[in-house]
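Here are the chains, one letter per residue:
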Amino acid sequence: MDRNNNLHRRRSIRLRDYNYAQAGMYFVTICTQKHLCFFGDIVNGKMQLNAAGEMIQKWFLELANKFHDIRCGEFVCMPNHVHFIVINTGVDLCVHPDREHASVGANLCVRPDPDGAHTGAPLPDVVRWFKTMTSNEYIRGVKSFGWPAFPGKLWQRNYYEHIIREELSYLKITEYIQTNPQKWNEDIYHV
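Residues numbered from 1 in each chain as written. Predicted model: local features only at pLDDT ≥ 70, side-chain atom pairs only at ≥ 80, totals over all residues. Heavy atoms only, no water.

## A word on the overall build of the chain
Inference 1: Helix and strand content of the chain: four helices and six strands.
Inference 2: If you list the helices and strands of the chain from N to C, you get α-β-β-β-α-β-β-α-β-α.
Inference 3: The contacts of the chain with a sequence gap of at least 6 include a subset with a gap of at least 24, amounting to 72%. (Helix = DSSP H or I, 4+ residues; strand = E, 2+ residues; numbered from the N terminus. Contact = heavy atoms within 4.5 Å.)

Right under this line is the structure:
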């Protein structure tokens, strides 16, 4: 296989055999393409969102409306990336039909996955929807409000995720998100 074909084969950073649709908490970081700063500035250790940053925050909060099993946790929009926690609460296992159609006799319960876990919206679908909605609205902002154009795509192809499995981890990640603007000068995404 030649070198150019190897460049297009990326190794997944997701955990092998882990069901990202199961109930749980997930820490996500998504960076802009080339780490370009589009969403505001850090002033005195606080993030000052511009209109594009406010739009990013709005679409994060919409996740819970789009995905009924997703709850929005801690969030910060930085100049060129976002950090957030999403909580997948799992799905309601039974559809509640009205009485008129109840006599059909169909079993309207959703089956859990083979391990018995109740699954909901897969994390990759949640992130994909967030990236799509924010990219589309950002493009409208470029055309209508003169926001800076981005080269190619607004977001990098992949994203970082971490499965939060214990309370101590949750508390550390929450603190990291909350204090991220104060540490901007040392941030690995600060360019």
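## Notes on the packing of helix H2 (residues 51–66) against helix H3 (residues 123–145)
Inference 1: One way to put it is that H2 packs onto H3 with a least axis distance of 10 Å and a crossing angle of 140°. Considering how the two elements wind past one another, H2 and H3 form a crossing that is right-handed. In this structure, H2 contributes Ala52, Met55, Ile56, Lys58, Trp59, Phe60, Glu62, Leu63 and Lys66 to the contact, and H3 contributes Val126, Trp129, Phe130, Met133, Thr134, Glu137 and Tyr138. (Axes fitted to C-alpha atoms, helices over the stretch in contact; angles between N-to-C directions. Left-handed = near helix turned anticlockwise from the far one by under 90°.)

## A few points about the pattern of salt bridges
Inference 1: Inspection of every chain in the model, using the stated rule, returns two salt bridges.
Inference 2: Close ionic contact of Glu137 with Lys58 constitutes a salt bridge, the shortest N to O distance being 2.8 Å. Placement of Glu137 in helix H3 and of Lys58 in helix H2 is noted, with a sequence separation of 79 residues between them.
Inference 3: Take Glu137: its relative accessible area is 19%, and that puts it in the buried class. (Salt bridge = Lys/Arg side-chain N within 4 Å of Asp/Glu carboxyl O. Buried < 20%, exposed > 50% of the residue type's maximum accessible area, 1.4 Å probe, protein only.)

## Focus: the confidence of the model for the chain
Inference 1: Overall, the prediction assigns the chain a mean pLDDT of 82, with 73% of residues at 70 or greater.
Inference 2: Segment residues 1–10 is flagged for pLDDT under 50; beyond a separation of four residues in sequence, or across chains, it makes three contacts in the model.
Inference 3: Within the model, pLDDT remains below 50 along residues 93–113, and this stretch shows twelve contacts once partners closer than five positions in the same chain are excluded. (pLDDT = per-residue confidence, 0-100.)

## Examining the sheet that holds strand S5 (residues 81–88)
In any sheet, the strands associate via hydrogen bonds between backbone groups, in a parallel or an antiparallel arrangement.
Inference 1: Across the sheet, four strands lie side by side as S4-S5-S1-S6; this open sheet has antiparallel pairing. Two strands bound the open sheet, and with one partner strand each, they are strand S4 (70–77) and strand S6 (160–164). Averaged over all pairs of adjacent strands, the angle between their axes in this sheet comes to 15°, without regard to strand direction.
Inference 2: Bridge analysis of strand S1 (residues 24–31) against S6 gives five bridges, and the strand direction is antiparallel. Paired with Phe27 across the bridge in S6 is His162.
Inference 3: Lying on the sheet, H2 is in contact with S4 and S5; it crosses S4 at an angle near 165°.
Inference 4: Each of S1, S4, S5 and S6 is contacted by helix H4 (residues 167–179), which is oriented at about 150° to S5, the strand it contacts most. (Pairing = 2+ DSSP bridges.)

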